[in-house]
Amino acid sequence: MNLTIKTEQLQDMVNRAIKCASNNKLIPLTSLMSVKVDNGVLVLTTTDGANFYYVRSASAVQCDDFEVSVLADLFTKLVLKTTSETLTLSVEDNVLEIKGNGTYKMELPLDEGGKIIKFPKKFDEFVNVGKTVKRDDIDRIIAYNKNSLAVSVTLPSLTCYYCGDTVISCDSHMVCSTEMHLFDNDLLISPQLMEILSIFKATEINCSINDDFIIFETANDLVYAPIIEGVDTYPADALNSLLNGEFPSMCKINRDDVLSLLDRLSLFVGSYDKKLIYLTFTNEGVMFNSKKMSGSELVPYIESENFSDYTCAVDINMLQSQLQTQSNETITMYYGSDVAIKFVSEGVTQLVALANEE
């Protein structure tokens, strides 16, 4: 085989495909990238151990069918550092030769039988499109919900995005709900899969689902993902109750003013403070204080409804994390609950749990 391709085109393909190569030492395939020509289409494939990502060439290539697997990181770095107009790939004696600015030879990884490794075939050709997902919706989910995902696997389902009547993420201290109905059935979507979808080029992504796996596909990108079990363990009802719970008072304040003061106040929040600050709602505005009162600053209300005297303690990092995702100049904040403060903005509802100071 002898494949010649524009360097810019191959660079674009490897730059996307490498995002799914997780380099997990326990799963050797995650360190490889499949390079395959099938009926004139170049396909690069990588995996993180669960998801398989296929990046297809936008135009036909002139080359006989072939398939090899290369070390993903090395191959990607070489391609991205190449400045020649074209690259030529050829295989001989289990070695991939790459000609661009110069000539480079990469030994191909072999299986236990001494044969070139090929990625497993994960699915047959799909003929029906069950759903269409907008790329903008994927970007919106990542922008708002990502910071609220759990890292601990105490309850594994919380490490995923819950896609039901809304998209919910929760780490037990922060909750985010985005008004968006993506699928006909409730599903858990891993953060890895959501990140892969965010690098798809098309504005709309076709989606096909069966009992065992889900496929997202456009003309140039396709990802295969197993259905994640445990959607029934996700505490969606309990979280929706919290999100829709009673918050008797509301105020609006300037977002940039709050973020600026939190940046200053963080200088006076030491390790002994457990990252906690106080919010006190006064007649004039919200007073932000460090625990030892060594730093304090008032942000005046733009608007206030059902004002009541109220003081709470929250984690300053969590508060910053949630507010940084908002794009509106004005923050709408609800308070008065015994468990959390709430922020609402254009179909997005966020909770930050009140801190236990003990």
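Residues numbered from 1 in each chain as written. Predicted model: local features only at pLDDT ≥ 70, side-chain atom pairs only at ≥ 80, totals over all residues. Heavy atoms only, no water.

Can you walk me through empty space enclosed by the protein in this structure?
Think of a ball as big as a water molecule: rolled over the atoms, this probe shows where empty space is left. Enumeration over the complete set of coordinates arrives at 1 cavity of 30 Å³ or more. The calculated volume of the largest cavity comes to roughly 30 Å³. Along the walls of the largest cavity sit Leu-78, Thr-82, Leu-87, Ile-98, Gly-100, Asn-101, Gly-102 and Tyr-104, which together make up its complete lining. A class-by-class count of the residues in the lining of the largest cavity yields 4 nonpolar, 4 polar and no charged. (1 Å grid on protein atoms, 1.4 Å probe; cavity = no way out; pocket = protein on both sides within 12 Å on 5 of 7 lines; lining within 4 Å. Points joined across faces, edges and corners; volume = space filled by probe spheres on them. Nonpolar A, V, L, I, M, F, W, Y, C, P; charged D, E, K, R; others polar.)

Teacher, can you tell me more about unusual backbone geometry here?
Excluding glycine, residues mostly have negative phi values, and the peptide bonds linking residues are mostly trans. For Ser-172, which is not glycine, the phi torsion reads 80° and is therefore positive. Locating Ser-172 in the fold gives a position in the loop between β11 (167-170) and β12 (174-178). Given the relative accessible area of 52%, Ser-172 is considered exposed. At Lys-274, a residue that is not glycine, the phi angle is positive and equals roughly 55°. Its place among the elements puts Lys-274 in the loop between α6 (255-265) and β18 (276-281). (Helix = DSSP H or I, 4+ residues; strand = E, 2+ residues; numbered from the N terminus. Buried < 20%, exposed > 50% of the residue type's maximum accessible area, 1.4 Å probe, protein only.)

Just to check I follow, could you spell out the layout of surface pockets for this structure?
Considered as a void within the structure, the largest pocket measures approximately 580 Å³ in volume. Lining the largest pocket are 19 residues, and of these Lys-36, Asp-38, Val-43, Tyr-54 and Phe-123 sit closest to its centre. Put simply, the parts of the chain that give the lining of the largest pocket at least two residues each are β2 (32-38), β3 (41-47) and β4 (52-56). Of the residues assigned to the lining of the largest pocket, the class counts are 7 nonpolar, 3 polar and 9 charged.

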